[in-house]
Amino acid sequence: DRERVAFTRVRADGKPEVWTLELDGAPQRAFDRVRQTIDKQPGGDLVLLFNDDRTRLFLWNPRTGDEREIPQPPEFHGAPLSDADLAPDGTSIVVMRGTEVWRFAVAGGPPTRLWAPPVGHGIYGLEVDASDHVIIGDAQDAGTIFVADLP
(Lines give C-alpha, C1' and ligand atoms only; values in the text may rest on other atoms or scores of the structure.)
Protein backbone atom coordinates (compact mmCIF):
# COMPACT_ATOMS: atom_id res chain seq x y z
CA ASP A 1 0.00 0.00 0.00
CA ARG A 2 1.14 3.61 0.09
CA GLU A 3 2.18 3.42 3.73
CA ARG A 4 4.48 0.39 3.72
CA VAL A 5 6.46 -1.93 1.50
CA ALA A 6 6.84 -5.71 1.88
CA PHE A 7 10.10 -7.23 0.68
CA THR A 8 12.17 -10.39 0.90
CA ARG A 9 15.49 -10.32 2.73
CA VAL A 10 17.80 -13.34 2.52
CA ARG A 11 19.36 -14.40 5.82
CA ALA A 12 23.00 -15.44 6.17
CA ASP A 13 21.90 -19.11 6.05
CA GLY A 14 20.20 -18.49 2.67
CA LYS A 15 16.63 -18.64 4.01
CA PRO A 16 14.25 -15.85 2.89
CA GLU A 17 12.39 -13.64 5.35
CA VAL A 18 9.56 -11.19 4.70
CA TRP A 19 10.05 -7.71 6.11
CA THR A 20 7.87 -4.65 6.02
CA LEU A 21 9.07 -1.08 5.87
CA GLU A 22 6.80 1.70 7.02
CA LEU A 23 7.56 4.70 4.86
CA ASP A 24 8.17 6.76 7.99
CA GLY A 25 9.85 4.11 10.13
CA ALA A 26 12.35 1.30 10.45
CA PRO A 27 12.05 -2.14 8.77
CA GLN A 28 10.38 -4.88 10.80
CA ARG A 29 10.33 -8.63 10.26
CA ALA A 30 6.78 -9.61 9.30
CA PHE A 31 6.89 -13.31 10.33
CA ASP A 32 8.69 -15.56 12.77
CA ARG A 33 8.84 -18.20 10.03
CA VAL A 34 10.57 -18.38 6.66
CA ARG A 35 8.64 -16.81 3.77
CA GLN A 36 9.43 -15.22 0.40
CA THR A 37 7.32 -12.54 -1.29
CA ILE A 38 6.24 -13.38 -4.84
CA ASP A 39 3.55 -10.95 -5.94
CA LYS A 40 1.03 -8.38 -4.70
CA GLN A 41 -2.52 -7.81 -5.83
CA PRO A 42 -2.56 -4.37 -7.49
CA GLY A 43 -4.76 -2.05 -5.49
CA GLY A 44 -5.64 -4.86 -3.09
CA ASP A 45 -4.61 -6.25 0.27
CA LEU A 46 -3.16 -9.64 -0.71
CA VAL A 47 0.51 -10.60 -0.98
CA LEU A 48 1.47 -14.00 -2.41
CA LEU A 49 4.23 -15.84 -0.52
CA PHE A 50 6.32 -18.99 -0.92
CA ASN A 51 7.87 -20.96 1.92
CA ASP A 52 11.67 -21.39 1.85
CA ASP A 53 11.77 -24.42 -0.46
CA ARG A 54 8.98 -23.11 -2.75
CA THR A 55 6.71 -26.11 -2.12
CA ARG A 56 3.89 -24.19 -0.39
CA LEU A 57 1.91 -21.04 -1.23
CA PHE A 58 0.37 -18.54 1.16
CA LEU A 59 -1.76 -15.42 0.91
CA TRP A 60 -0.97 -12.73 3.45
CA ASN A 61 -2.84 -9.54 4.27
CA PRO A 62 -0.28 -7.10 5.72
CA ARG A 63 -3.02 -4.81 7.04
CA THR A 64 -4.55 -7.51 9.24
CA GLY A 65 -1.59 -9.88 9.57
CA ASP A 66 -3.77 -12.80 8.43
CA GLU A 67 -1.97 -15.53 6.51
CA ARG A 68 -3.56 -18.60 4.95
CA GLU A 69 -2.09 -21.47 3.01
CA ILE A 70 -3.38 -22.29 -0.47
CA PRO A 71 -4.17 -26.04 -0.37
CA GLN A 72 -2.46 -28.16 -3.00
CA PRO A 73 -3.46 -31.61 -4.24
CA PRO A 74 -1.43 -34.59 -2.97
CA GLU A 75 0.43 -34.98 -6.28
CA PHE A 76 1.90 -31.48 -5.81
CA HIS A 77 3.36 -32.12 -2.35
CA GLY A 78 7.12 -31.99 -2.19
CA ALA A 79 7.68 -30.70 -5.73
CA PRO A 80 8.95 -27.12 -5.89
CA LEU A 81 6.91 -24.51 -7.71
CA SER A 82 9.06 -22.55 -10.16
CA ASP A 83 7.04 -19.34 -10.23
CA ALA A 84 3.64 -17.94 -9.28
CA ASP A 85 1.59 -14.82 -9.91
CA LEU A 86 -1.59 -13.43 -8.42
CA ALA A 87 -4.24 -12.35 -10.93
CA PRO A 88 -4.91 -8.60 -10.73
CA ASP A 89 -8.50 -9.16 -9.56
CA GLY A 90 -7.24 -11.36 -6.69
CA THR A 91 -9.42 -14.37 -7.59
CA SER A 92 -6.76 -16.66 -9.10
CA ILE A 93 -3.19 -17.72 -8.50
CA VAL A 94 -1.28 -18.97 -11.53
CA VAL A 95 1.53 -21.40 -10.72
CA MET A 96 4.35 -22.90 -12.77
CA ARG A 97 5.12 -26.46 -11.72
CA GLY A 98 7.73 -28.14 -13.90
CA THR A 99 6.69 -27.30 -17.45
CA GLU A 100 2.99 -26.95 -16.68
CA VAL A 101 0.97 -23.91 -15.69
CA TRP A 102 -1.84 -24.37 -13.16
CA ARG A 103 -4.60 -22.13 -11.86
CA PHE A 104 -5.67 -22.10 -8.22
CA ALA A 105 -8.86 -20.30 -7.19
CA VAL A 106 -8.22 -18.08 -4.18
CA ALA A 107 -11.64 -19.08 -2.84
CA GLY A 108 -10.55 -22.75 -2.78
CA GLY A 109 -11.17 -25.94 -4.70
CA PRO A 110 -8.87 -28.13 -6.75
CA PRO A 111 -6.42 -26.52 -9.17
CA THR A 112 -6.92 -26.80 -12.90
CA ARG A 113 -4.18 -27.38 -15.44
CA LEU A 114 -4.18 -24.24 -17.53
CA TRP A 115 -1.43 -24.74 -20.08
CA ALA A 116 1.62 -26.75 -21.14
CA PRO A 117 4.20 -25.78 -23.78
CA PRO A 118 4.55 -27.47 -27.15
CA VAL A 119 6.66 -30.64 -27.11
CA GLY A 120 10.37 -29.85 -26.85
CA HIS A 121 9.92 -26.51 -25.12
CA GLY A 122 10.62 -25.60 -21.52
CA ILE A 123 9.26 -22.56 -19.74
CA TYR A 124 10.55 -19.99 -17.31
CA GLY A 125 8.80 -17.13 -15.59
CA LEU A 126 5.16 -16.15 -15.84
CA GLU A 127 3.01 -13.13 -15.24
CA VAL A 128 -0.72 -12.42 -15.36
CA ASP A 129 -1.55 -9.09 -17.00
CA ALA A 130 -4.55 -6.81 -16.39
CA SER A 131 -6.50 -8.56 -19.19
CA ASP A 132 -6.08 -12.01 -17.59
CA HIS A 133 -3.50 -13.13 -20.15
CA VAL A 134 -0.81 -15.38 -18.71
CA ILE A 135 2.53 -14.43 -20.26
CA ILE A 136 5.08 -17.29 -20.17
CA GLY A 137 8.71 -17.26 -21.28
CA ASP A 138 10.15 -19.96 -23.56
CA ALA A 139 13.25 -21.48 -21.98
CA GLN A 140 14.64 -22.57 -25.38
CA ASP A 141 14.27 -19.19 -27.10
CA ALA A 142 14.66 -16.00 -25.09
CA GLY A 143 12.78 -14.04 -27.76
CA THR A 144 9.66 -16.22 -27.70
CA ILE A 145 6.77 -15.92 -25.28
CA PHE A 146 3.61 -17.96 -24.93
CA VAL A 147 0.24 -16.51 -23.99
CA ALA A 148 -2.59 -18.38 -22.28
CA ASP A 149 -5.89 -16.97 -21.04
CA LEU A 150 -7.38 -17.40 -17.60
CA PRO A 151 -10.83 -18.99 -17.81
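Residues numbered from 1 in each chain as written. Predicted model: local features only at pLDDT ≥ 70, side-chain atom pairs only at ≥ 80, totals over all residues. Heavy atoms only, no water.

Undergrad: Summarise the pattern of salt bridges; cite the residues concerned and give the values.
TA: Across all of its chains, the model carries eleven salt bridges by this definition. In this structure, the salt-bridge partner of Glu67 is Arg33, at a minimum N-O distance of 2.6 Å. A residue pair is termed long-range when its members are at least 10 positions apart, and Glu67 in strand E7 (residues 67–70) and Arg33 in the loop between strand E3 (27–29) and strand E4 (36–40) qualify at 34 residues. In this structure, Arg56 engages Glu69 in a salt bridge whose closest nitrogen and oxygen atoms are separated by 2.9 Å. With Arg56 in the loop between strand E5 (47–50) and strand E6 (57–60) and Glu69 in strand E7, the pair connects residues that are 13 residues apart, well separated along the chain. What makes Glu69 partly exposed here is its relative accessible area of 36%. Linked through salt bridges whose partners overlap, the residues forming this network are Arg9, Arg11, Asp13, Glu17 and Arg29. (Salt bridge = Lys/Arg side-chain N within 4 Å of Asp/Glu carboxyl O. Helix = DSSP H or I, 4+ residues; strand = E, 2+ residues; numbered from the N terminus. Buried < 20%, exposed > 50% of the residue type's maximum accessible area, 1.4 Å probe, protein only.)

Undergrad: Can you break down the packing of aromatic side chains residue by residue, with the values?
TA: Within the structure shown, the criterion is met by four aromatic pairs. Plain terms: the ring middles of Trp115 and Phe146 are 5.0 Å apart, the flat faces sit at 45° to each other, and that makes the pair tilted. Placement of the pair is Trp115 in strand E11 (residues 112–115) and Phe146 in strand E14 (residues 145–149), with a sequence separation of 31 residues. Assessed through its relative accessible area of 13%, Phe146 is described here as buried. (Phe/Tyr/Trp six-rings, centres within 6.5 Å; stacked < 30°, edge-to-face > 60°.)

Undergrad: Run through the sheet that holds E14, naming residues and quoting values.
TA: Overall, antiparallel pairing links the three strands, which are arranged E12-E13-E14 in an open sheet. The open sheet terminates on both sides in strands that have one partner only, identified here as strand E12 (123–128) and E14. Ignoring strand direction, the axes of neighbouring strands in this sheet form an average angle of 25°. Bridge count for E12 against strand E13 (residues 133–138) is five bridges, and the pairing is antiparallel. Directly across from Glu127, in E13, lies its bridge partner Ile135. (Pairing = 2+ DSSP bridges. Axes fitted to C-alpha atoms, helices over the stretch in contact; angles between N-to-C directions.)

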